[in-house]
Amino acid sequence: MAPKAQKKPQGKQMAKSSAPHKPKNSAINASRLMKYSRARIFQRKAAYKVKKVKTPAKKSAEKAAAAAFVVKKIGGDKNGGERKVYKKTPKSLPTQVASRKVQLRPKKTFKKHVRRIRSNLAPGAVLILLAGRHKGKRVVLLKQLESGLLLVTGPRKLNGCPLRRVSQRYVIGTKTRIDISKVALPERLNDAYFRRQRSAKKSAASAGGSADIFAKSDAAYAVSAERREDQAAVDKALMGAIKASGDGPMLRSYLRSLFSIKSGQRPHAMVF
Amino acid sequence: MGKLDKFVEVGRVAFIANGKDSGKVCAIAEIIDQNRVLIDGPCSGVRRQVCDMKRLHLTRFCIDLPHSARTAVVRRKWTAAKLDEKWKETSWAKKLEARRLRTNMSDFDRFKLARAKQIRNSIIALAAGKIRKEAKAKPNALRFRKPNKKRHIKKE
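All of the points below concern the structure found in this document. The structure presented is a predicted model; accordingly, all values stated were derived computationally and were not measured.

**Concerning the interface of chain A and chain B**
(1) Moving on: Taken together, the 16 residues of chain A in the interface contact 10 residues of chain B.
(2) Moving on: For the pair chain A and chain B, the summed buried area comes to about 1,100 Å², and 59% of that belongs to carbon and sulfur atoms.
(3) Moving on: Considering only the side of chain A, the residues that lose the most area to chain B are M250, Y254 and V271 of chain A, jointly responsible for 46% of the buried surface there.
(4) Moving on: Applying the counting criterion to the chain A and chain B interface returns two salt bridges.
(5) Moving on: Joining chain A to chain B, the criterion identifies four residue pairs in polar contact (both at pLDDT 80 or more).
(6) Moving on: In terms of residue count, the dominant contributor to the side of chain A that touches chain B is helix α7 (residues 248–256) of chain A (four residues).
(7) Moving on: Class assignment of the residues belonging to the side of chain A that touches chain B gives a composition of eight nonpolar, five polar and three charged.

**Some points on the packing of α7 of chain A against helix α4 (residues 107–137) of chain B**
(1) Moving on: Between α7 of chain A and α4 of chain B, whose axes approach to 10 Å, the crossing angle comes to 100°. With respect to each other, α7 of chain A and α4 of chain B are oriented roughly perpendicular. Each of M250, L251, S253 and Y254 of chain A in α7 of chain A lies in contact with α4 of chain B, whose residues at this interface are D107, F108, F111, K112 and R115 of chain B.
(2) Moving on: Residue composition of the contact of α7 of chain A with α4 of chain B, grouped by class: five nonpolar, one polar and three charged.

**Considering the nonpolar core**
(1) Moving on: Among the nonpolar cores identified, the biggest contains 23 residues, and L151, L163, I178, L189, F194, I242 and L255 of chain A are the most heavily contacted of them.
(2) Moving on: The element that contributes the greatest number of residues to this core is helix α6 (residues 225–244) of chain A, accounting for five residues.
(3) Moving on: Residues within four places of I242 of chain A in sequence aside, it is in contact with P155, L158, I178, G248, L251, R252 and L255 of chain A.
(4) Moving on: Of all hydrophobic cores here, the second largest spans 14 residues; its members include L65, A69, V73 and W78 of chain B.

**Describing the sheet that holds strand β2 (residues 25–31) of chain B**
Sheets are built from strands that pair by backbone hydrogen bonding, the pairs being arranged parallel or antiparallel.
All names here are of chain B.
(1) Moving on: Within the open sheet, the five strands sit side by side as β4-β3-β2-β1-β5. Their pairing is antiparallel. The strands lining the two open edges of the sheet, one partner per strand, are β4 (46–52) and β5 (56–62). Within the sheet, the average angular offset between the axes of one strand and its neighbour, ignoring direction, is 40°.
(2) Moving on: Across five bridges, strand β3 (residues 36–41) lies against β4 in antiparallel orientation. For V37, the partnering residue across the bridge sits in β4 and is C51.

**Here's the deal with the packing of α6 of chain A against α7 of chain A**
All names here are of chain A.
(1) Moving on: Packing of α6 against α7 leaves a shortest axis separation of 7 Å and a crossing angle of 130°. When the interaxial angle is binned, α6 and α7 end up oblique. Listed contacts from α7 to M239, I242 and K243 of α6 are G248, L251, R252 and L255.
(2) Moving on: Of the residues belonging to the contact of α6 with α7, the class tally is four nonpolar, one polar and two charged.

Here is what the cut-offs are and how they apply
Residues numbered from 1 in each chain as written. Chains lettered and ligands numbered in written order. Predicted model: local features only at pLDDT ≥ 70, side-chain atom pairs only at ≥ 80, totals over all residues. Heavy atoms only, no water. Contact = heavy atoms within 4.5 Å. Buried area = accessible area lost by both parts, 1.4 Å probe. Salt bridge = Lys/Arg side-chain N within 4 Å of Asp/Glu carboxyl O. Polar contact = N/O pair within 3.5 Å; in protein donor to acceptor, adjacent residues only side chain to side chain. Helix = DSSP H or I, 4+ residues; strand = E, 2+ residues; numbered from the N terminus. Nonpolar A, V, L, I, M, F, W, Y, C, P; charged D, E, K, R; others polar. Axes fitted to C-alpha atoms, helices over the stretch in contact; angles between N-to-C directions. Parallel < 35°, antiparallel > 145°, perpendicular 65-115°, else oblique. Core = buried A, V, L, I, M, F, W, Y, C linked by side-chain atoms within 4.5 Å. Buried < 20%, exposed > 50% of the residue type's maximum accessible area, 1.4 Å probe, protein only. Pairing = 2+ DSSP bridges.

Here you go:
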């Protein structure tokens, strides 16, 4: 088998491979260990045949470094006679070479976190909200957003709960399901849409430092036109889905009712 | 304490009350000693095994089994005696089934049950109200008194 050239970004020289090849190395049992050692992979890939091209990037780095400061002559005895004056003060002027600590398991930013969802929470499931201003209400789960929060709606007509984000942790998933495959959710319903709007004035002021800290926060929250629009659209489709499902009228009064624990009921022994 | 009519004997149908296979019925295939028996329930999914008498609740059914009958024989006698249907018809089995349904009710089921009860109770309350009204209209009616209770009627 002809050795395949390694795909190193070496300046403009990119190795053209005819087809995407299967990786030669693989992890053992989802651990960090690889099947082949570095030496063995070197052999298998026949990397000894690949000529190393000196990266021109190094030169440009040197140039950039050189341009960063100006050499100036100074007077006085016994002090070297010249100084490097930085054009732009670098963020850090290390006296020692910082040792690079190898990040075996680099920190994952929030965006990259794995979003999990409980297995009994599927779109169309009826949820019981356990906290917040809508606690006790039975709402319909529409989908899980990218942040991991659940997008729910009452429907607002039935129990006053609007299109809203809710955390999985504050929710009981019931077995009751509504078929929402025909319910088309507007594209713009995402985390940014639901993000709390801080008043622009205040945020600018706090950033600037000089603020009228006694300035009243702006007027009470007013529902935007697009929210009304989306709520109406989703609710209409959802009410249709509820009507179409087997237990239509019962389901409606179910979603209107509030959940509570009655005497003698033990939540850990109950099936939801 | 009822009649002592349920004996531990070969062929006695018993209900397994706890442990593995709890809730199932089986037949006693052999008596080992004071405390243990060999049970077998091929038609109810109980493997042939030794069982402690403490786990078993005896039913009133008994099938005609030769002692140490093997599983195939037990199965044959069981199906011939139609024990599955007989067991299901007993109020014991019905109560178990009702309990099972009740514990497996979902939140929506519980809501529907509560709503059904409410409707039923309102119908009853309405009907009772009507009867009460009619009874008030009749002056010398029994009026919710015990029928045989002696009434002291004042002599004018």
